[in-house]
Amino acid sequence: MALLNILRYPDPRLHKVAKPVTEFGERLDKLVADMAETMYEAPGVGLAATQIDVHERLITIDITETKDDLMVFVNPEIVWASEEKQVYDEGCLSVPGVYDGVERPARIKVRAVDQHNKPFEIEADGLLAVCIQHEMDHLMGKVFVEYLSPLKRNRIKTKLLKEERSGRRA
């Protein structure tokens with residue numbers, strides 16, 4: 001396994017739309033293992049392949065305290081979302097040190113396949129629903145700060161660019 005480099009906002013590669021995964025096997029297994037290791041080490045609760053400059057529809061998630069329940073979603077799609085919304089304070093490994101409220105559907109149903117191309121469907125609410133939607137946004141080239149006001153977004157962009165120029169990382 002290997003730790004992967006996580007792209008930082010406002011890197012333009014974060015805005016590329018991911019393509020469906022079409023090949024399953026060793027390469028995908030290694031990518032999933034590397035993404036999981038990177039996510040746990042960061043530390044984070046979710047990671048989309050887009051964030052490591054792999055533009056395929058793949059996300060890893062583990063919202064447990066014990067970090068022992070890795071979920072892998074290949075080619076995920078939301079097939080149902082509740083009308084009820086919730087605001088959750090979100091953070092992102094690509095936007096280190098920044099947390100802000102984002103409104104999303106409170107409950108969702110997701111259809112995907114696992115890394116062995118086995119189909120599954122899950123219903124999610126709470127943190128899991130937020131995390132799935134957040135990571136799926138990455139696959140569409142969207143970063144959570146795009147839900148914020150232009151003023152907040154520009155402040156975040158300026159702060160992160162300044163940190164990068166000075167060689168500091170949050």
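Relevant structure appears above.
On a predicted model such as this, the values are computed, not experimentally measured, just so you know.

**Here we look at unusual backbone geometry**
What you tend to see is this: most non-glycine residues have negative phi, and most peptide bonds are trans. Tyr9 connects to Pro10 through a cis peptide bond whose omega is 10 degrees. Within the secondary structure, Pro10 sits in the segment before α1 (26–41). Cis peptide bonds are those with omega within 30 degrees of zero, and the linkage from Ala42 to Pro43 qualifies with -15 degrees. With respect to the helices, strands and loops of the structure, Pro43 is situated in the loop between α1 and β1 (46–48). One non-glycine residue, Asp53, lies in positive phi territory at about 65 degrees. Following the sequence through the fold, Asp53 ends up in the loop between β1 and β2 (58–61). Look at Asp53 and you get partly exposed, because its relative accessible area is 31%.

**Let's talk about the side chain of Asp62**
Inspection of the secondary structure assignment puts Asp62 in the loop between β2 and β3 (71–81). With no salt bridge to any partner, buried Asp62 finds its closest opposite charge in Lys67, at an N-O distance of 5.3 Å. Within the structure, Asp62 has its side chain in polar contact with the side chain of Thr64 (distance 2.6 Å). A distance of 3.1 Å separates a polar side-chain atom of Asp62 from the backbone nitrogen of Asp68. Leaving out residues up to four positions away in the same chain, Asp62 has contacts with Met39, Tyr40, Val45, Lys67, Asp68, Asp69 and Leu70.

**Looking at the pairing of β3**
Pairing of β2 with β3 involves four bridges; the strand directions are antiparallel. Bridge pairing in β3 places Ile61 opposite Met71. Bridging between β3 and strand β6 (residues 107–113) involves five bridges; their strand directions are antiparallel. Directly across from Val74, in β6, lies its bridge partner Val113.

**Topic: the nonpolar core**
Ranked by size, the top nonpolar core spans 16 residues in total, and within it Ile59, Ile61, Phe73 and Ile132 carry the most contacts. Grouped together as the second largest cluster of nonpolar side chains are 15 residues, Leu31, Leu47, Ile52 and Leu58 included.

**Some remarks on the state of the cysteines**
The tally for this structure, following the rule as stated, stands at zero disulfides. Cysteine Cys92 is unpaired, with the sulfur of Cys131 as its nearest cysteine sulfur at 10.0 Å. Among the residues examined, Cys92 registers a relative accessible area of 10% and is labelled buried.

**Quick word on the pattern of salt bridges**
Taken as a whole and assessed by the stated rule, the structure comprises 13 salt bridges. Salt-bridge contacts for Glu164 lead to Arg8; the nearest nitrogen and oxygen are separated by 3.7 Å. Separated by 156 residues along the polypeptide, Glu164 in helix α3 (residues 150–165) and Arg8 in the segment before α1 bring together distant segments of the chain. One salt bridge connects Asp34 with Lys30, and the closest N-O pair in it is separated by 2.7 Å. Here Asp34 pairs with Lys30, and both are found in helix α1, just four residues apart, close to one helical turn. Residue Asp34 is classed as buried on the basis of its relative accessible area, which comes to 5%.

Analysis parameters
- Numbers given to residues run from 1 along each chain, matching the order in which its sequence is written.
- Local features in this predicted model are restricted to residues whose pLDDT is 70 or higher, and side-chain atom pairs enter the listing and the counts only when it is 80 or higher, whereas totals over whole chains, interfaces and linings include all residues.
- Just so you know, side-chain values use all the structure's heavy atoms and leave hydrogens and water out.
- Only runs of H or I of at least four residues qualify as helices and only runs of E of at least two qualify as strands under DSSP, and these elements are numbered from the N terminus.
- Only protein chains enter the area calculation, which uses a 1.4 Å probe; residues under 20% of their type maximum are buried, those over 50% are exposed, and those in between are partly exposed.
- Charged residues are defined here as Lys and Arg on the positive side and Asp and Glu on the negative side; His and the ends of the chain fall outside this count.
- Criterion for a salt bridge: a side-chain nitrogen of Lys or Arg within 4 Å of a carboxyl oxygen of Asp or Glu.
- Two N or O atoms count as a polar contact when they lie within 3.5 Å, although within protein this holds only if one can serve as hydrogen donor and the other as acceptor, and sequence-adjacent residues are included solely when both atoms are side-chain atoms.
- By the convention used here, residues are in contact when the closest approach between their heavy atoms is within 4.5 Å.
- A pair of strands is considered paired only if DSSP assigns at least 2 bridges between the two.
- As used in this record, nonpolar core signifies buried Ala, Val, Leu, Ile, Met, Phe, Trp, Tyr and Cys residues forming a set joined through side-chain atoms within 4.5 Å.
- Count a disulfide wherever a pair of cysteine sulfur atoms falls within 2.5 Å.

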